[in-house]
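Spelled out from the first residue to the last, the chains are:
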Amino acid sequence: MENFSEIYKMYHPRLVRFACDFLPYREDAENLVHDCFLELWKNFDHIDEINNINAYMFRLVRNRCLDHLKHLVHEKAYEAQAVTEFKAREGALELMSDSAVIADEMLALVRAEVGNLPKRCRQIFLMSRVDGLSHSEIADSLGLSVNTVGVQLGIALKRLRSVTDRYLS
């Protein structure tokens, strides 16, 4: 067969039906067969080297169908992985947003409780936790014993811990 159009007319419908046996969509089968004919057209100068054009075309279509199916499998796997990663990131963002809300609420509770501490206890707590002073520095600054500073910090921390424990439970 020397004429490309004769080959096309003879094999196109049969090759499309053959490809439809492999592929779920007729449109994919038709596109794939057209690609095979395009390849044949590009190499038409070497058509004489093909001993059996029938076997050649069916083998070419079969191999292209299998490649297409492999590609679909990889596409689906990639899609599933992308969805999984998206859901994980979405969950992490929700968790972070929930954590931020919880942290804000706890911070508000702690600030409120610090405001409810007795004046001297609050002053010692703030000097320790906000200003970063040591027990002895606080004691020297306020004219108290180091033991008194430790006891007042213990009272403040116990009250704050009870507020946060109640919130978390």
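Everything here concerns the structure above.
Residues numbered from 1 in each chain as written. Predicted model: local features only at pLDDT ≥ 70, side-chain atom pairs only at ≥ 80, totals over all residues. Heavy atoms only, no water.

K.L.:
Quick rundown of the overall build of the chain? Include the residues and the values.
P.N.:
Regarding its fold elements, the chain presents six helices and zero strands. Moving toward the C terminus, one meets the helices and strands of the chain in the order α-α-α-α-α-α. Scaling as 2.2 N^0.38, a compact globule of 169 residues should have a C-alpha radius of gyration of about 15 Å, whereas the chain reaches 39 Å, well beyond that. By principal-axis analysis of the C-alpha atoms, the chain measures approximately 110 × 30 × 20 Å. Classification of the 169 residues of the chain by burial places 24% in the buried group. Of the contacts made within the chain by residues no fewer than 6 positions apart, 60% connect residues no fewer than 24 positions apart. A total accessible area of about 11,900 Å² is found for the chain, and carbon and sulfur atoms account for 55% of it. Counting 21 positive and 25 negative side-chain charges, the chain places the averaged centre of each group 11 Å from the other. (Helix = DSSP H or I, 4+ residues; strand = E, 2+ residues; numbered from the N terminus. Rg over C-alpha atoms; globule rule 2.2 N^0.38 Å. Buried < 20%, exposed > 50% of the residue type's maximum accessible area, 1.4 Å probe, protein only. Contact = heavy atoms within 4.5 Å. Areas by Shrake-Rupley, 256 points an atom, 1.4 Å probe, with all protein chains shown as cover. Lys, Arg positive; Asp, Glu negative; His and termini not counted. Charge placed at Lys NZ, Arg CZ, Asp CG, Glu CD.)

K.L.:
Account for the environment of Lys-158, naming residues and giving values.
P.N.:
Within the secondary structure layout, Lys-158 lies in helix 6 (residues 146-168). Separated by 119 residues in sequence, Lys-158 and Glu-39 have C-alpha atoms that sit 81 Å apart.

K.L.:
Let's hear about the packing of aromatic side chains: which residues, and what values?
P.N.:
Applying the stated criterion across every chain yields a total of seven aromatic pairs. Aromatic pair Phe-4 and Phe-44: ring centres 5.7 Å apart, planes at 85°, arrangement edge-to-face. Of the two residues, Phe-4 is situated in helix 1 (residues 4-22) and Phe-44 in the loop between helix 2 (26-42) and helix 3 (53-116); the sequence distance between them amounts to 40 residues. By the burial criterion, Phe-4 is buried, and Phe-44 matches it. Both rings, one in Phe-18 and one in Phe-22, keep their centres 5.3 Å apart while their planes meet at 75°; by these two values the pair is edge-to-face. Pair noted here: Phe-18 and Phe-22 are both in helix 1, with a separation of four residues, about one helical turn. (Phe/Tyr/Trp six-rings, centres within 6.5 Å; stacked < 30°, edge-to-face > 60°.)

K.L.:
Help me get a handle on the pattern of salt bridges, residues and values and all.
P.N.:
Going through the model one piece at a time under the given rule, you end up with three salt bridges. Taking the shortest distance from any N to any O, the salt bridge between Glu-30 and Arg-26 comes out at 3.0 Å. Placement of both Glu-30 and Arg-26 in helix 2 is noted, with a separation of four residues, approximately one turn of the helix. The class of Arg-26 is partly exposed, set by a relative accessible area of 48%. Arg-64 serves as the salt-bridge partner of Glu-39, at 2.0 Å between the closest nitrogen and oxygen. (Salt bridge = Lys/Arg side-chain N within 4 Å of Asp/Glu carboxyl O.)

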